[in-house]
Amino acid sequence: EKNGFDHFMLKEIHEQPKAYRDTIRGRVDESGRKVVLKDLNLTEDRIKQIQNVHIVACGTAYHAGLVGGTVIEQLVRVPVYNDVASEYRYRSPLITPETLVIVVSQSGETADTLAALREAKSNGAHVLAVTNVVGSSIARDADDVLVTLAGPEIAVASTKAYSSQLIAFYLLGLYLAQVRGTQSEDQVAHMISAIQALPEQVESMLENSDAIKAYAEQISHNQHLFFIGRGLDYAVAQEGSLKLKEISYIHSEAYAAGELKHGTLALIEDGIPVIALATQDSVLEKTVSNIKEVKARGADVMVITHEEHVASLLKSVDQAFAIPKTLPLFTPALSVVPLQLLSYYASLALGHDVDKPRNLAKSVTVE
Ligand code: F6R
């Protein structure tokens, strides 16, 4: 059932190209220029009335929502608010019928997320669920379901479900933008073709995982490390950090790169690994100066960036790992892959139970 892989997690990492293709299939029209989400109950009129979007979820699904929030804000120019489900409903969130609430849940059974959904519905919001399980409680209670077609995820550490949630958000963002007219037809078509290229790009990354494996073995001896990035890179950094903690039990923290100097820089000392994500060209120079800040304090820096920046970045970092070129909004669907492999191989090197980490359950049905 592991299809020749040693663990479900590795199998599921390798299933991502298929999960992307399945999640895209049927949601782009034949011309390749339009996103079609036929089954949505959310009418075009209601889409035009949306004043704000709340994205609510737990753990890895919350991290997918962070990417989704940026995508929707950029493409649709509507304010988005992200929250973890266990906080959301206790703060009396400002929900109106013009709020679109998106809940994200692989299992569709997470108690806090389900409770957040009910809170949103009782306040008149339209609730759209991004889930991997069609018959789940969350899918049943939501007004709309956008299914991720990742297939069953067995490993406790979520991989293909997270990345398929990103694909769902890309398609949803483009769809909302089409209806509200915030992106031109040509822009939408251009972005669709970039999304369609992602599965093959992930395949090419999976064929070259030796460098990440070696790096994982190297860092597995450390007690602490940091992930840094700006914008979408910060969102992915948070997911990379969670994944590493979850299965390797190595303590790590994800930091917005520009925020380090406001306190956390004090923790940077000789030899501490810092994994920098630098895929967002608009803030590349800023991230490079943050990389220099940690280098100057002795950090051992590995950067994840596009091939074209590797040579120049190698002047300031110790190692670089290149991801294929895509549009800035879509880099998370690629940059998360080396981070998944990093935590997998670190856990493996340490001899932990990769698929069943201590203290954790696949589906969290208690609050
Ligand atoms: C981490 C992980 C958890 C889940 C979280 C929400 O790898 O799997 O953080 O993402 O418990 O679960 P779902 O998505 O089923 O609501």
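Worth saying up front: this structure is predicted, and the values here are computed from it rather than measured.

Cut-offs applied
- Residues numbered from 1 in each chain as written.
- Predicted model: local features only at pLDDT ≥ 70, side-chain atom pairs only at ≥ 80, totals over all residues.
- Heavy atoms only, no water.
- Helix = DSSP H or I, 4+ residues; strand = E, 2+ residues; numbered from the N terminus.
- Buried < 20%, exposed > 50% of the residue type's maximum accessible area, 1.4 Å probe, protein only.
- Salt bridge = Lys/Arg side-chain N within 4 Å of Asp/Glu carboxyl O.
- Core = buried A, V, L, I, M, F, W, Y, C linked by side-chain atoms within 4.5 Å.
- Contact = heavy atoms within 4.5 Å.
- Near = heavy atom within 4 Å.
- Polar contact = N/O pair within 3.5 Å; in protein donor to acceptor, adjacent residues only side chain to side chain.
- Areas by Shrake-Rupley, 256 points an atom, 1.4 Å probe, with all protein chains shown as cover.
- Nonpolar A, V, L, I, M, F, W, Y, C, P; charged D, E, K, R; others polar.

Undergrad: Account for the side chain of lysine 160, with residues named and values stated.
TA: Of note, lysine 160 is situated in helix α8 (residues 160–180). The class of lysine 160 is buried, set by a relative accessible area of 2%.

Undergrad: Give me the pattern of salt bridges: which residues, what numbers.
TA: It is possible for side chains bearing opposite charge to pair when their charged atoms get close. Counting across every chain of the model gives 18 salt bridges. Arginine 33 is paired through a salt bridge with glutamate 185; the nearest N and O atoms lie 3.9 Å apart. Pair noted here: arginine 33 is in the loop between α2 (16–24) and α3 (44–49) and glutamate 185 is in helix α9 (residues 185–206), with a separation of 152 residues, a long-range link. Its salt-bridge partner being glutamate 153, residue lysine 362 comes within 2.7 Å of it at the nearest N-O pair. Taken together, the positions of lysine 362 in the segment after α14 (332–349) and glutamate 153 in the loop between β5 (144–147) and α8 put the pair 209 residues apart, joining distant regions of the chain.

Undergrad: I'd like a description of the nonpolar core, backed by residues and values.
TA: Counting 90 residues, the largest nonpolar core has Ile72, Ile102 and Tyr170 as its most contacted members. Once residues lying within four places of it in the same chain are set aside, the contact partners of isoleucine 102 are Val53, His54, Ile55, Val56, Ile72, Leu128, Val130, Phe169 and Leu172. With 19 residues, the next largest nonpolar core counts Ala257, Ala299, Val301 and Val303 among its residues.

Undergrad: If you had to explain the site of the ligand to someone new, which residues and values would you point to?
TA: For the ligand, the set of nearby residues contains 13 residues, the closest of which are Ser105, Gln106, Ser107, Thr110 and Glu246. Within the backbone of glutamine 106, one N or O atom sits 2.6 Å away from an oxygen atom of the ligand. Burial of the ligand by the protein amounts to 89% of the accessible area it has alone, namely 410 Å². Residue assignment for the shell around the ligand shows that the elements contributing at least two residues are α4 (59–76) and α11 (232–248). Ranked by residues supplied to the shell around the ligand, first place goes to α4 with three residues. Grouping the constituent residues of the shell around the ligand by class yields four nonpolar, seven polar and two charged.

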